[in-house]
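Working through the structure, step by step
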Amino acid sequence: MGHDPYTTAITAGRPPAEPGAPMNVPIHLSSTFHANGHYGYVRDGNPSSAAFEQAIGALEGGHALAFASGIAALNAVLDMVPTGSTVVAPLHAYSGTMKRFTELETQGRLQVRRVPMDDAAGLAAAAAGAALLWLESPTNPLMEVCDIRAAVAAGRAQGALVAVDNTFATPMRQRPLELGADLVMHSATKYIAGHSDALLGVLVTANHDLHAELAQRRVLLGAAPGVLETTLGLRGIRTLPIRMDRAEATARELAQRLTRHQAVTRVRYPGLEQDPGYSTHGGQASGPGAMVVIDCIGSTEAVEQMCGSLAIWVHATSLGGVESTIERRARWAAESPDVPAGLVRLSVGLEDVDDLWDDLLLGLNRLL
Ligand SMILES: *Cc1c(COP(=O)(O)O)cnc(C)c1O
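Some remarks on the overall build of the protein
- Looking only at helices and strands, the protein has 11 helices and 12 strands in total.
- In summary, the protein has a C-alpha radius of gyration of 20 Å against a globular reference of 21 Å for 368 residues, a match within 12%.
- The principal-axis extent of the C-alpha atoms belonging to the protein is close to 70 × 55 × 35 Å.
- For the protein, long-range pairs separated by at least 24 residues make up 69% of all intrachain contacts whose partners lie at least 6 apart in sequence.
- Accessible area for the protein stands at about 15,100 Å²; split by element, carbon and sulfur atoms hold 53% of it.
- Mean positive and mean negative side-chain charge positions of the protein (28 and 38 charges, respectively) differ by 2 Å.

Re the domain arrangement of the protein
- Entries for the protein in the domain assignment read domain 1 (5-236) and domain 2 (241-365).
- When each unit is reduced to the centre of its C-alpha atoms, the spacing between domain 1 and domain 2 is 25 Å.
- Tallying the contact residues gives 35 residues for domain 1 and 34 residues for domain 2.
- Of the roughly 3,000 Å² buried between domain 1 and domain 2 on both sides combined, carbon and sulfur atoms contribute 58%.
- Taken as a group, M143, R173 and Y191 account for 27% of the area that domain 1 buries against domain 2, more than any other trio of residues on that side.
- The tally of links from domain 1 across to domain 2 stands at two salt bridges.
- Across the pair R173 and E248 runs a salt bridge whose closest N-O atoms are separated by 2.8 Å.
- One can count 16 residue pairs in polar contact (both at pLDDT 80 or more) joining domain 1 with domain 2.

Cut-off values and rules
- Residues numbered from 1 in each chain as written.
- Predicted model: local features only at pLDDT ≥ 70, side-chain atom pairs only at ≥ 80, totals over all residues.
- Heavy atoms only, no water.
- Helix = DSSP H or I, 4+ residues; strand = E, 2+ residues; numbered from the N terminus.
- Rg over C-alpha atoms; globule rule 2.2 N^0.38 Å.
- Contact = heavy atoms within 4.5 Å.
- Areas by Shrake-Rupley, 256 points an atom, 1.4 Å probe, with all protein chains shown as cover.
- Lys, Arg positive; Asp, Glu negative; His and termini not counted.
- Charge placed at Lys NZ, Arg CZ, Asp CG, Glu CD.
- Domains from an automatic or database assignment.
- Buried area = accessible area lost by both parts, 1.4 Å probe.
- Salt bridge = Lys/Arg side-chain N within 4 Å of Asp/Glu carboxyl O.
- Polar contact = N/O pair within 3.5 Å; in protein donor to acceptor, adjacent residues only side chain to side chain.

Here it is, written out as structure tokens:
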């Protein structure tokens, strides 16, 4: 505890250092444990998932709970909110998150006030009487930046719970608990696991009662993750700091080059001075991360073909893996209608920057 994150990522979640003991926590393939010990039934917790939770908790500055997916983590939080409550949700965010809020609204479970994440005054106004503020910053895929401190202050004044989806920034760039949030959520499927091979979610809080309540929701909703997934999540954490550094450095360079390409009308990246989120993001995060979003010229078909024509960039959904992926987000019906047809989301991975650029350039030049 108290170490630099580069060190914590390596040292956290290890078994006790005893002669002959394994250095890594084994994958405990056991659904039950001998009676009267610390562990009982796998859905309530197990040593493999606990090691992952220790590591991500240490990086975010709280106590973590691992979930079967990011959406399972979201649902555990929503399940805590009393029926009929008012909640504040992002107008634009990860499509699955938006869809879930809409469902609960349609079912009459919750009253939902939707606010763009970059509208601090709108968030403050919407917080009146709310039980929960669900924030995402930067947002997927519009890269809107929320002033987290201002939103936390607005939520606090109303006694609302404030949760932040920190998937894009990761704890290496942004620590919402330090900014005053009650809860951090991750789709650990993305940067944390980092190799596009596991579905995993996580919630982190420094509040003991909230942790206990969410642990109970996880048990009763059956939302616990598998031990192979949490083991892969912990393995991902070991290299998270250096993966973020490398991917972000490449993303910064590609974002700069993209601003000068004729087929690109806008680059959405909080590391660019001209980006509307630049100063807010800079005030709460230590770097812009490795997601770069571009608005392209050309027909929907031409942009779609461009995404599929590349040799290194993988035309696929999801993000945060070692491999760079590219996707036209409006191809999904669940995506917000405010996402332009020609908007392309780039998840910058660990390949060579010039190889990535040359590949992308061939595709973009076809749009001219
Ligand atoms: C992918 C994603 C989610 C959903 O997480 P799953 O692990 O796929 O359930 C939530 N928020 C953001 C920002 C995401 O990118």
